[in-house]
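Coordinate analysis (summary)
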Amino acid sequence: HFLARPTQHLIRLVAIFRFFTGLADTLPASWLDHILEPLLSPAYRCSAFLAVATSTLPDVKSLEDALNLSHGQQTEFLGQLAQACIDAMSRKMSDEGLGAEFARSLNKVRKAVDRQRTLRHRERRLKPVRDPQAAAQEKRAKNRRKQESKKRKVQEIIVKKKGGVGGTRAKKSRTLV
């Protein structure tokens, strides 16, 4: 539910991933093994947000810093947190000799996520054939979202370059009336 629109649930997801990382650090690996898949599933899904080569993320020290990030930077930040969570679990499990169990759980989660993604992709491709009206409605909604996303990005660029959105003043009328 939260991962469908991650930037709308940023605070919750940050708290969840920090909590999961704390659990991975404090729980013994034998206990962690029993709850590994439910912890790995959202972390793996969110780690896909991480852009490895083109990181434009400033140093985030507090939740306020995270809230002040741009839309794209927020998703990248969530990807970093999720990857840190996965790394902490991996380190804990491998340190206590349970690396194979971690790999098996991660592979199971990866297969389930990939299967679901493939299923959604197939459904999206077949929808215009099965239900043309619903497909057309979704396409219009997608185009509206795309248009609003472009507007949001333009606003972010304006704020970044000018430092804010300046209003233009209306000219005074020169008539004597």
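The sections below set out a description of the structure shown in this document. (Residues numbered from 1 in each chain as written. Predicted model: local features only at pLDDT ≥ 70, side-chain atom pairs only at ≥ 80, totals over all residues. Heavy atoms only, no water.)

Moving on: the packing of helix α5 (residues 71-95) against helix α6 (residues 99-130). Following both chains from N to C, one finds α5 and α6 inclined at 145°, their axes separated by 7 Å at the closest point. Residues Ile86, Met89, Ser90, Met93 and Ser94 of α5 pack against Gly99, Glu101 and Phe102 of α6. (Axes fitted to C-alpha atoms, helices over the stretch in contact; angles between N-to-C directions. Helix = DSSP H or I, 4+ residues; strand = E, 2+ residues; numbered from the N terminus. Contact = heavy atoms within 4.5 Å.)

Core analysis: the biggest nonpolar cluster contains 34 residues, and Phe17, Leu40, Phe77, Met89 and Phe102 have the highest contact counts within it. Within the residue set of this core, elements represented by two or more residues are α1 (10-26), α2 (29-32), α3 (36-47), α5 and α6. If one sorts the elements of this core by residue count, α5 sits on top with nine residues. In this structure, Leu40 is in contact with Ile86, Met89, Phe102, Ser105, Leu106 and Val109, ignoring residues within four places of it in sequence. (Core = buried A, V, L, I, M, F, W, Y, C linked by side-chain atoms within 4.5 Å. Buried < 20%, exposed > 50% of the residue type's maximum accessible area, 1.4 Å probe, protein only.)

We now examine the layout of surface pockets. One simple way to see leftover space: roll a probe sized like a water molecule over the atoms. Approximately 290 Å³ is the volume found for the second largest pocket. Lining the second largest pocket are Arg124, Lys127, Pro128, Ala135, Glu138, Lys139, Ala141, Lys142, Asn143, Arg145 and Lys146. Those elements that place two or more of their residues in the lining of the second largest pocket are α6 and α7 (132-162). Counting residues per element, the lining of the second largest pocket draws most heavily on α7, at eight residues. Of the residues belonging to the lining of the second largest pocket, the class tally is three nonpolar, one polar and seven charged. (1 Å grid on protein atoms, 1.4 Å probe; cavity = no way out; pocket = protein on both sides within 12 Å on 5 of 7 lines; lining within 4 Å. Points joined across faces, edges and corners; volume = space filled by probe spheres on them. Nonpolar A, V, L, I, M, F, W, Y, C, P; charged D, E, K, R; others polar.)

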